[in-house]
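Coordinate analysis (summary)
So you can see what is in the structure, the chains are spelled out below.
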Amino acid sequence: MLQNCLQRIAFVLVGVSGASASVQKIAPDLYAYISENDSSANATFLISDKGILVVDTGLNLPEGRKLLEEIRKISPLPVRWIVNTHYHPDHRGGNSVVGPDAVIISTHYTRSRVRRALEEQAVQNGQRPPPEYELNEVIDRMIVLHLGSHEVRIYHPGPAHTMGDLVVYFADQHAIATGDLFLTNSCPAMDEGDLENWVHALDQILHLPVEHIVPGHFALATKKELRHFRDYLAELRDQVDRMYSKGLKLPQVQQGLKLTGYEDLRQFPKYEATFADNAAAYYGQLQRKAP
Ligand SMILES: [Zn+2]
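The text that follows walks through the structure, step by step, so that each part is easy to find. (Residues numbered from 1 in each chain as written. Predicted model: local features only at pLDDT ≥ 70, side-chain atom pairs only at ≥ 80, totals over all residues. Heavy atoms only, no water.)

**Considerations on the packing of aromatic side chains**
Put simply, the test is: Think of it this way: a Phe, Tyr or Trp ring, Trp meaning its six-membered ring, pairs with another when their centres are within 6.5 Å, and the plane angle makes it stacked under 30 degrees, edge-to-face over 60, tilted otherwise. Working definition: helices are DSSP H or I runs of at least four residues, strands are E runs of at least two. Numbering for both runs from the N terminus. With a 1.4 Å probe rolled over the protein chains alone, any residue whose accessible area is under 20% of its type maximum counts as buried; one over 50% counts as exposed, and the rest are partly exposed.
Counted under the stated rule, the structure contains seven aromatic pairs. Pairing tyrosine 87 with tyrosine 109 gives two aromatic rings, centres 6.0 Å apart and planes at 75°, and the pair type is edge-to-face. Placement of tyrosine 87 in the loop between β5 (79-83) and α3 (95-98) and of tyrosine 109 in helix α4 (residues 108-125) is noted, with a sequence separation of 22 residues between them. The class of tyrosine 87 is buried, set by a relative accessible area of 1%. Here tyrosine 109 falls in the partly exposed class, since its relative accessible area comes to 22%. Pairing tryptophan 198 with phenylalanine 229 gives two aromatic rings, centres 6.4 Å apart and planes at 50°, and the pair type is tilted. Highlighted residues: tryptophan 198 in helix α5 (residues 195-206) and phenylalanine 229 in helix α6 (residues 223-245), separated in sequence by 31 residues.

**Quick notes on the packing of α5 against α6**
Put simply, the rule is: Between N-to-C directions, angles cover 0 to 180 degrees, with each direction set by a line fitted to C-alpha atoms, over the stretch in contact for helices. Here is the rule for angles: anything less than 35 degrees is roughly parallel, anything more than 145 is roughly antiparallel, 65 through 115 is roughly perpendicular, and the remaining ranges are oblique. Handedness of each helix crossing follows the sense of rotation of the near helix against the far helix: counterclockwise by less than a right angle gives left-handed, clockwise gives right-handed. Contact criterion: two residues are considered in contact whenever any of their non-hydrogen atoms come within 4.5 Å of each other. Each residue receives one of three labels: charged for Asp, Glu, Lys and Arg, nonpolar for Ala, Val, Leu, Ile, Met, Phe, Trp, Tyr, Cys and Pro, and polar for the others, Gly being one of them.
Contact geometry for α5 and α6: axes closest at 10 Å, N-to-C directions at 155°. What the angle tells us is that α5 and α6 run roughly antiparallel. For the pair α5 and α6, the crossing hand works out as left-handed. Each of Leu195, Glu196, Trp198, Val199, Leu202, Asp203, Ile205 and Leu206 in α5 lies in contact with α6, whose residues at this interface are Lys223, Leu226, Arg227, Phe229, Arg230, Leu233, Ala234, Leu236 and Arg237. Here the residues of the contact of α5 with α6 sort into eleven nonpolar, no polar and six charged.

**Side note on empty space enclosed by the protein**
Short version of the rule: Both cavities and pockets are sets of points on a 1 Å grid over the protein atoms alone; in a cavity a 1.4 Å probe fits but cannot get out, in a pocket the set is open with protein on both sides within 12 Å along at least five of seven lines, and lining residues sit with an atom within 4 Å of a point. Grid points are joined across faces, edges and corners, and a volume is the space filled by probe spheres set on the points.
Applying the stated criterion across every chain yields a total of two cavities of 30 Å³ or more. Of the pockets and cavities examined, the second largest cavity occupies roughly 40 Å³. In terms of lining residues, the second largest cavity is bounded by Asn42, Ala43, Thr44, Val55, Asp56, Thr85, Ala177, Thr178, Gly179, Val214, Pro215 and Gly216. A breakdown of the residues in the lining of the second largest cavity according to their chemical character gives five nonpolar, six polar and one charged.

**Focus: the sheet that holds strand β6 (residues 103-106)**
What counts is decided by this rule: In this scheme, strands are said to pair when DSSP sees at least two bridges between them.
Taken together, the seven strands give an open sheet; going across it, the order is β1-β2-β3-β4-β5-β6-β7, and neighbouring strands pair in mixed fashion. Across the chains shown, the open sheet's two edge strands, defined by having one partner strand only, are β1 (22-27) and β7 (136-138). On average, adjacent strands in this sheet sit at an angle of 25° to one another, irrespective of strand direction. The sheet contact formed by strand β3 (residues 43-48) and strand β4 (residues 51-55) spans five bridges and is antiparallel.

By themselves these figures say nothing about function.
Given below as structure tokens:
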């Protein structure tokens, strides 16, 4: 699944080499790092007098170094906290260079998936697992950090893109980092999450007074783009629900989809990121939930 997700995203690398990441100040002390490499996640960082908090660190060590370079153009303070929004490597591959001494905040699910991945990788390479997860701070529901004059609410919205996502809400700065709960103008890849609750989580975000939304990938956005993405997922859910309850098989469901209002969302047939692929993922979730 992890490999699939990476493959699904990796295609967008074509044609972007040579570009550089964009860093945008979206509120006092708060910056969005929009990766030019679309297979590596965006990041968000907050500078406080106590140190720096970073949300997601990119695909690997080189991507982490690029992110740290941009952070260092703004502040020499230590990176003290890293939030990993979920376990996919494109969101946490740069942890050890971005904040070698940082506390890494994630969910139990993310921690266990990452530990397993790192242990398997170490065995393959004949090495000991790196220690970056020994200082992990695990949260079940929410933690609120007060950094300088800013309040940071880090919460688990329940299963959505994966079974262990985190969202980071910068309350007084009217900004939010969604991880892969939201991708700007694109179909998402779906892991073993929960589409029903995913839509609910996006509805919760739409109720917050946010002006700047940092997506897991692609351009900085506002509620307008997030609402469109949410409406696509809700429409897909409703159509699959109706056909599933009539007993239609998956190929019939995929053929019966009518999503003409969402054709502006990018779809990538080769990488299982299409309307039909999303329908298949949700159909599987319904089958697993069936009594
Ligand atoms: Zn992901």
